[in-house]
Amino acid sequence: MENHRQISKVRLLGSTLAGAIGVLTFVSSAASAAPIILMSPSVNDGSFESVASTIQAPTTLVSGWSLTDTVANNGGLLFATNGVLAGANGDEAVFADLGQTTATFPSLLSTGYTSVHASDVFAWSFDVNSWHAASSATLQLKFSASDIVTLATGTAQDTNTATFVTYSGTYTATATDAAAGGLGVIFKVNVDTNGGAVYGDNINISVTQAAVPEPMSLTMFGVGLLGTAAVRSYRRRRAQISL
């Protein structure tokens, strides 16, 4: 009779272990299901439409973007309705007539996405056009002052200023990125040495979080581990009795 009771206990603990692993797998998968939009034309002013005027750098927009330029009075935010920005989302774009204009957004972290984790996957895109095919735009993620990741530098490819070229891709965060503690954006438009104004626009950034077990899952998993230990203990006792 005692042996039957021991066997029943072992079966119960084994079932607990299997259930714990099932819960762990389910919750982890659910945690990584939906991308979180961090920047778009309607989120954090990814298309620079928070104002409707041409503004020379240096300046800070109401949405949080800060604009600086390397050649005074030759860069900033361009408002155009004459077809120059026909391919843009709205009438505004970051521009440079000479040198380089840099737009900086301080932080994408919010209540919807509070911190970066290793293996989080960022999907990104941006648009660029210019009067000169070799003028370019560069998109970067700033995790800290010493951890700035360049996602891409894309050229305008042609001289048709009504046609924007879109660049896109993904980036997987590292442990170093996660430890840095921040998540800002740097967007640069750079005029080629041959001249020709350049325009950058339509930044989109989203993140799909790495699967992280929730506290309840970890608790159940711990119960499962206790069950494994009990099974092993029971087997050792049976082996000793057999001897």
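Residues numbered from 1 in each chain as written. Predicted model: local features only at pLDDT ≥ 70, side-chain atom pairs only at ≥ 80, totals over all residues. Heavy atoms only, no water.

**Q** What exactly am I supposed to notice about the sheet that holds strand β3 (residues 59-60) here?
**A** Paired through backbone hydrogen bonds, the strands of a sheet run either parallel or antiparallel to each other. Taken in spatial order, the 6 strands make up an open sheet running β3-β4-β7-β12-β9-β10, and their pairing is antiparallel. Strands with a single pairing partner mark the edges of an open sheet, and in this sheet they are β3 and β10 (147-155). The pairing of strand β7 (residues 100-105) with strand β12 (residues 184-190) spans 6 bridges and is classified as antiparallel. Counterpart to Phe105 in the pairing with β12 is Val185. (Pairing = 2+ DSSP bridges. Helix = DSSP H or I, 4+ residues; strand = E, 2+ residues; numbered from the N terminus.)

**Q** Can you help me understand the confidence of the model for the protein chain in this one?
**A** Low pLDDT means the predicted coordinates in that region are not meant to be read closely. Taken residue by residue, the protein chain gives an average pLDDT of 81. The fraction at 70 or more is 70%. With pLDDT under 50 throughout, residues 12-32 is counted as low confidence; its partners more than four residues away or in other chains account for 25 contacts. (pLDDT = per-residue confidence, 0-100. Contact = heavy atoms within 4.5 Å.)

**Q** Which parts of the structure should I look at to understand the environment of Thr172?
**A** Its place among the elements puts Thr172 in strand β11 (residues 165-172). Note: C-alpha distance between Thr172 and His117 (55 residues apart in sequence) is 9.6 Å.

**Q** How should I be thinking about the pairing of strand β5 (residues 75-79) in this particular structure?
**A** Sheet faces and side chains relate simply in a regular strand, where the side chains alternate between the two faces. Among the 5 residues in β5, 4 count as buried, and that is most of the element. Pairing of strand β2 (residues 55-56) with β5 involves 2 bridges; the strand directions are antiparallel. Paired with Gln56 across the bridge in β5 is Gly76. Across 5 bridges, β5 lies against strand β6 (residues 92-96) in antiparallel orientation. Residue pairing for β6: Gly75 is matched across the bridge by Ala96. (Buried < 20%, exposed > 50% of the residue type's maximum accessible area, 1.4 Å probe, protein only.)

**Q** Please explain the nonpolar core as it appears in this structure.
**A** Across soluble globular proteins, you tend to see nonpolar side chains buried next to one another. Core analysis: the biggest nonpolar cluster contains 41 residues, and Phe122 and Ile205 have the highest contact counts within it. In contact with Ile205, other than residues within four places in its own chain, are Ile36, Ile37, Leu38, Met39, Leu108, Phe122, Ala123, Trp124, Leu141 and Val185. Ranked by size, the runner-up nonpolar core spans 7 residues in total, among them Ala80, Phe95, Ala197 and Tyr199. (Core = buried A, V, L, I, M, F, W, Y, C linked by side-chain atoms within 4.5 Å.)

**Q** In this structure, what is going on with the side chain of Ser136? I would like to understand it.
**A** When you line up the elements, Ser136 lands in strand β9 (residues 136-144). For Ser136, the residues in contact, after removing those within four places along its chain, are Val128, Thr153, Gly154, Thr155, Lys188, Val189, Asn190 and Val198.

**Q** Help me understand the packing of aromatic side chains, please; the structure alone is not making it clear to me.
**A** Any aromatic ring pair is given by two values, namely how distant the centres are and how the planes are angled relative to each other. As enumerated under the stated definition, the model contains 9 aromatic pairs in all. Among the aromatic residues, those joined into a cluster by ring pairs are Phe48, Trp65, Phe105, Trp124, Phe126, Tyr167 and Phe187. (Phe/Tyr/Trp six-rings, centres within 6.5 Å; stacked < 30°, edge-to-face > 60°.)

**Q** Would you mind showing me how to read the pairing of β10 here?
**A** Relative to β10, β9 runs antiparallel, the two being bridged by 8 bridges. Residue Ser136 lies in a different strand from β10, and its bridge partner there is Thr155. Where β9 folds back onto β10 in an antiparallel hairpin, the turn is made up of 2 residues.

**Q** For this particular structure, what's the right way to read the environment of Thr170?
**A** Assignment of secondary structure puts Thr170 in strand β11. Thr170 sits in the exposed class, given a relative accessible area of 58%. Distance from Thr170 to Val207, taken between C-alpha atoms, is 9.3 Å for residues 37 residues apart in sequence.

**Q** What's the story with unusual backbone geometry in this structure? I'm lost.
**A** Leave glycine aside and you will find that most residues have negative phi; peptide bonds, for their part, are mostly trans. Across the junction of Ala57 and Pro58, the peptide omega takes the value 0 degrees, indicating a cis bond. One can find Pro58 in the loop between β2 and β3. Here Asn44, not a glycine, exhibits a phi torsion of approximately 55 degrees, which is positive. Positionally, Asn44 belongs in the loop between β1 (36-39) and β2.

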